[in-house]
Amino acid sequence: MFLKRALQKRRQAGSDEPHGWLGLAFIAPSMVFIIGLFIIPLVMTVWMSFFRWPLLGRRKFIGLENYAELLGDSQLWQSFGFTLLYTVLVTTAIMAVALPLALLVDRPLRSVGFFRTVFFMPVVIGFGAASTLWLWLLNPDSGVFARLLTGLGLVDQAPRPLESFWPALAVIILMVVWKTAGFTMVILLTGLQSIPNDVIEAARIDGASPFSRFRRITLPLMRNSVLLALILNVTSSMLAFDQFFIITQGGPNNSTISAVFTIYLASFSSYRLGYGSALSFALLVVLVAISSIQLSFMRQRPEDGR
Amino acid sequence: MLLAMIILAVFFLMPIIWSFANSFKPAAEALAHPVALFSKAFSLENYRRLENVGAGWYVYATNSVLIALGTIAFTVAVAVPAGYGFSKFRFPGQTLIFVLVMATMMIPFQSILTPLFLILKFLHLQNSLLGLVLIYTTFQLPFSIFMMRNAFDAIPKALVEAARIDGASQWTLVRRILMPLALPGVATVVMFAFLNSWNEFLAALIFLSDQNKFTLPIMLVNVSSGIYGIIDWGALQAGISLTMIPCIVMFLALQRYYVRGLTAGAVK
């Protein structure tokens, strides 16, 4: 009894001290999740990619055959190429909208908080809901855009953007800019607000024009948040799936099938789990390569460059 | 400048307002020319028709709510102790483990979907809401643990020691000092767990196969692909509204925490 109480007391006193096996107990549950549903599947992805692995029936070790097939898979090259094209275009478009937005809402006005909230609002809606919402907006028969255009007499026939490649891509990009520009705006705004006011004030006194103040001072000083916004946008665009699955359904003529869409089709439509894993691993390698190039830019401080 | 902001605000808000307003329009009015924003007649018939979609919208809404609550509960129950453990204890291998946890953030779940499918099958959790909750929790953890570690780090040691000297027990300490101070961190974690699990699409599409297990985003796809190729646009508006309104309400209520989480997660 006495010993038990003494031990209890010791444990109570010790739990905040810097010797803590108890700390391991606190993080143990999180380890169960991360090992079970992240580390093990990650290793399995590589392992499975060496097999012919149907959902039903026997799996067979085939070495690098999946990778050999992958190299010669024209649909795959097309979808990876399309994903890269989409990533470059959508990231450029998002930055081109989000930077002016951030500059616009970076001022000490009372109403600015309201506008920040409004610009950010679509970010919290899921991609699934946003995609179906735009599917309706763009529908030639019942959608608002078509009826506005024909109603105002601007066009005779309602446009059918989803029937050819570039209009379909443009529509997707417009939707994604609407949905995510607010997110990038907030990241850039954090960068803007970390710039000390007196630096810009000093430049103003020295007679620098607003444009050169922005180009020579503001932009270099917010370099890290610009790079961060780029990394986040590039990564999420490389993983795009929902909008293509819902709005274009991969069409027209399979021209808007993204990389993740290809993995989805291989693993969960054709049930070629081994080949799907090889595709996943290939995508992962591309992603990690792109992220690390971007991260290395971020590590260089702006001063180092000069 | 103000004018520019107002025009932009209209662009950002219109699709949401339009869809919401349209969901209450009777079918006859929805296709009327010219386009009217607000309906002359208020009607719930679109929502009523959503009951005939698959298992009925309330089944999907219930599934979405259960998944969101489950993800929030698991994430908080696992991430809060983990954040505490990483913040207030020193043990061998700690840095390495922390780096490992953070690495989860760098590698997207989309790239390990195929084995996750097999693991859920192995655990007999495929086509189950619990299976999805476990996956969502796992990918919610790195951000949440990071958030909670920072929240506990921000509590000064002197405060804890002072309470000790005043004779506070461990339980009192946690309940009266640590938890209240870490609560903003918990709010951030809850908010992100809600939005991410409520809105998740791809994993739900793959891992749920029964009609009555679907979540709201999957229901939307079913409606938008139409019955016999004919899409019920009115019911789709109703479904979209049901899916997005909770997110907007939650965001407006907890806005402060959302932006805090965004910047904390990003600046890392």
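Conventions used here
Residues numbered from 1 in each chain as written. Chains lettered and ligands numbered in written order. Predicted model: local features only at pLDDT ≥ 70, side-chain atom pairs only at ≥ 80, totals over all residues. Heavy atoms only, no water. UniProt positions renumbered as here; feature names shortened; annotations may be inferred. Helix = DSSP H or I, 4+ residues; strand = E, 2+ residues; numbered from the N terminus. Rg over C-alpha atoms; globule rule 2.2 N^0.38 Å. Buried < 20%, exposed > 50% of the residue type's maximum accessible area, 1.4 Å probe, protein only. Areas by Shrake-Rupley, 256 points an atom, 1.4 Å probe, with all protein chains shown as cover. Lys, Arg positive; Asp, Glu negative; His and termini not counted. Charge placed at Lys NZ, Arg CZ, Asp CG, Glu CD. Phe/Tyr/Trp six-rings, centres within 6.5 Å; stacked < 30°, edge-to-face > 60°. Lys NZ or Arg CZ within 6 Å of the ring centre and 35° of its normal. Contact = heavy atoms within 4.5 Å. Axes fitted to C-alpha atoms, helices over the stretch in contact; angles between N-to-C directions. Parallel < 35°, antiparallel > 145°, perpendicular 65-115°, else oblique. Left-handed = near helix turned anticlockwise from the far one by under 90°. Nonpolar A, V, L, I, M, F, W, Y, C, P; charged D, E, K, R; others polar. Salt bridge = Lys/Arg side-chain N within 4 Å of Asp/Glu carboxyl O. 1 Å grid on protein atoms, 1.4 Å probe; cavity = no way out; pocket = protein on both sides within 12 Å on 5 of 7 lines; lining within 4 Å. Points joined across faces, edges and corners; volume = space filled by probe spheres on them.

- As recorded by an unreviewed UniProt entry, chain A carries the name sn-glycerol-3-phosphate transport system permease protein UgpA and is attributed to Martelella mediterranea DSM 17316.
- Quoted verbatim from the Subcellular location (unreviewed entry) heading of the UniProt record, the comment on chain A is "Cell membrane".
- Database annotation for chain A, UniProt heading Sequence similarities (unreviewed entry): "Belongs to the binding-protein-dependent transport system permease family."

**Side note on the overall build of chain A**
Part 1: A tally of regular secondary structure across chain A gives 14 helices and 2 strands.
Part 2: Relative to the globule expectation of 19 Å for 306 residues, the C-alpha radius of gyration of chain A, 26 Å, shows a markedly less compact shape.
Part 3: Principal-axis analysis of the C-alpha atoms gives chain A an extent of 90 × 70 × 45 Å.
Part 4: Counting across all 306 residues of chain A, residues that qualify as buried make up 49%.
Part 5: As displayed, chain A has an accessible area near 15200 Å², and 65% of this comes from carbon and sulfur atoms.
Part 6: Averaging the locations of the 24 positively and 15 negatively charged side chains of chain A gives two centres separated by 10 Å.

**Some points on the packing of aromatic side chains**
Part 1: For the structure shown, the criterion picks out 45 aromatic pairs over all chains.
Part 2: Taking the centre distance of 5.7 Å and the plane angle of 75° together, the rings of Phe51 of chain A and Trp53 of chain A count as edge-to-face. Each of the two residues, Phe51 of chain A as well as Trp53 of chain A, counts as buried.
Part 3: The positively charged end of Lys179 of chain A is found above the aromatic ring belonging to Phe127 of chain A, 4.8 Å away from the centroid.
Part 4: The side chain of Arg256 of chain B reaches across the aromatic face of Tyr257 of chain B, ending 5.0 Å from its centre.

**What about the side chain of Ser49 of chain A?**
Residues and elements named next belong to chain A.
Part 1: Considering the arrangement of structural elements, one finds Ser49 in the loop between α2 (21-48) and β1 (51-52).
Part 2: Overall, the relative accessible area of 0% leaves Ser49 in the buried class.
Part 3: Leave out the neighbours within four places in its chain, and Ser49 touches Gly63, Asn66, Tyr67, Gly274, Ser277 and Ala278.

**Examining the packing of α2 of chain A against helix α14 (residues 273-299) of chain A**
All names here are of chain A.
Part 1: It is at 7 Å that the axes of α2 and α14 come closest, and there the two elements cross at 115°. By the criterion of interaxial angle, the relationship of α2 to α14 is roughly perpendicular. The two elements α2 and α14 cross, and the hand of that crossing is left-handed. Residue-level inspection shows Leu42, Thr45, Val46 and Met48 of α2 in contact with α14, the latter providing Leu273, Gly274, Ser277, Ser280, Phe281 and Leu284.
Part 2: Residue composition of the contact of α2 with α14, grouped by class: 6 nonpolar, 4 polar and no charged.

**Description of the pattern of salt bridges**
Part 1: Across all of its chains, the model carries 6 salt bridges over all chains by this definition.
Part 2: Between Arg52 of chain A and Glu65 of chain A there is a salt bridge whose closest N-O contact spans 3.3 Å. Here Glu65 of chain A lies in helix α3 (residues 65-71) and Arg52 of chain A lies in strand β1, a separation of 13 residues in the sequence.
Part 3: Its salt-bridge partner being Arg49 of chain B, residue Asp232 of chain B comes within 2.6 Å of it at the nearest N-O pair. Of this pair, Asp232 of chain B sits in the loop between α11 (216-225) and α12 (233-267) while Arg49 of chain B sits in helix α3 (residues 45-49), placing them 183 residues apart in sequence.
Part 4: Taking the relative accessible area as the measure of exposure, Arg49 of chain B reaches 26% and is therefore partly exposed.
Part 5: Ionic contacts of the salt-bridge type, sharing partners, join the residues Glu45, Arg49 and Asp232 of chain B into one network.

**What about the layout of surface pockets?**
Residue and element names in this part refer to chain A.
Part 1: The computed volume of the second largest pocket comes to approximately 640 Å³.
Part 2: Elements with a minimum of two residues in the lining of the second largest pocket: α4 (74-104), α8 (165-193), α9 (197-205) and α10 (210-221).
Part 3: The residue makeup of the lining of the second largest pocket, split by class, is 9 nonpolar, 3 polar and 5 charged.

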